[in-house]
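Listed here are the chains, written in short residue letters.
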Amino acid sequence: MKLVRKSLATVGLILLASTAQAEECLDMGGVAIPNFFSEGRGQPVIISATLMGTVTNAAGKILSQRVTETGLEMELEHYFGRSDGGAIFTKDTGVLTEVPGRPGRYMIEITYEVQEDMGRGTLADYSGTFKSYGLVDLRDPYDLQGLVRYSGKLCK
């Protein structure tokens, strides 16, 4: 009887394993060097970046920003691409903390949320969030600069 139960349990595990879909994940990681382009007061700030790592380029917009006690908070969106044609679209929240004694310079943390059904090519059907952190220099509206490190995991 004990042998029959073990055999049935083994068969059940084999059936369960064969019908379960394995989740496919992609580690996100690398460095971004963003450039910011102001289109004038009241207009979104455009972001263009070269990236090294999982994705190789990005374009985006700063849609809105609010002053906080410690700096700024921003709503953003990004398109990230890879050299193999894969792309994803994200809606994001950025928290900028002013560097003490360094006006116009901020530590930045961004959480990127991949939007459903907005992936293309090799990144189609991936979902999840990833994050970045780094520094941005927002002193000169005609020469805004930054450097960030991004990491996380997306799955499908």
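Refer to the structure presented above.
Residues numbered from 1 in each chain as written. Predicted model: local features only at pLDDT ≥ 70, side-chain atom pairs only at ≥ 80, totals over all residues. Heavy atoms only, no water.

## A few points about the overall build of the protein chain
Each helix and strand counted, the protein chain has one helix and eight strands in total. Going residue by residue from the N terminus, the α and β elements of the protein chain occur as α-β-β-β-β-β-β-β-β. For the protein chain, long-range pairs separated by at least 24 residues make up 46% of all intrachain contacts whose partners lie at least 6 apart in sequence. In the form shown here, the protein chain has an accessible surface area of approximately 9900 Å², with 56% of it arising from carbon and sulfur atoms. (Helix = DSSP H or I, 4+ residues; strand = E, 2+ residues; numbered from the N terminus. Contact = heavy atoms within 4.5 Å. Areas by Shrake-Rupley, 256 points an atom, 1.4 Å probe, with all protein chains shown as cover.)

## So, the state of the cysteines
Under the criterion given, the structure shown has one disulfide. At a sulfur-sulfur separation of 2.0 Å, the disulfide partner of C25 is C155. One disulfide, between C25 and C155, carries an S-S torsion of 105 degrees and so falls in the right-handed class. Taken together, the positions of C25 in strand β1 (residues 25-38) and C155 in strand β8 (residues 144-155) put the pair 130 residues apart, joining distant regions of the chain. For C155, a relative accessible area of 15% translates into the label buried. (Disulfide = S-S within 2.5 Å. Buried < 20%, exposed > 50% of the residue type's maximum accessible area, 1.4 Å probe, protein only.)

## Points about the side chain of S132
Within the element layout of this structure, S132 appears in strand β7 (residues 129-137). Judged by its relative accessible area of 3%, S132 is buried. Among the polar contacts made by the side chain of S132, one reaches the side chain of Y112 at a distance of 2.8 Å. Dropping the residues within four chain positions of it, S132 is found in contact with I108, E109, I110, Y112, V148, R149 and Y150. (Polar contact = N/O pair within 3.5 Å; in protein donor to acceptor, adjacent residues only side chain to side chain.)

## Quick look at the pairing of strand β4 (residues 71-81)
Here is the key point about a regular strand: its side chains alternate between the two faces of the sheet. A large share of β4 lies buried, amounting to eight of its eleven residues. Here strand β3 (residues 57-67) runs beside β4; their pairing, made up of ten bridges, is antiparallel. Its bridge partner being in β4, G60 is matched across the sheet by H78. Adjacent in sequence and paired antiparallel, β3 and β4 are bridged by three residues. With eleven bridges joining them, β4 and strand β5 (residues 87-98) adopt antiparallel strand pairing. What sits directly across from E73, in β5, is V95. (Pairing = 2+ DSSP bridges.)

## So, the pattern of salt bridges
For the coordinates displayed, the defined rule picks out five salt bridges. Linking E73 and R66 is a salt bridge whose minimum nitrogen-to-oxygen distance equals 2.7 Å. Residue class for E73 comes out partly exposed when judged on its relative accessible area of 26%. Between D84 and R82 there is a salt bridge; the shortest N-O distance is 2.9 Å. (Salt bridge = Lys/Arg side-chain N within 4 Å of Asp/Glu carboxyl O.)

## A look at the sheet that holds β3
The eight strands lie next to each other as β1-β2-β3-β4-β5-β6-β7-β8, forming a closed barrel whose pairing is antiparallel. Adjacent strand axes in the sheet meet at a mean angle of 25 degrees, parallel and antiparallel pairs treated alike. As paired elements, strand β2 (residues 45-53) and β3 share six bridges and run antiparallel to each other. Among the inter-strand pairings, I46 is bridged to a residue of β3, identified as K61. (Axes fitted to C-alpha atoms, helices over the stretch in contact; angles between N-to-C directions.)

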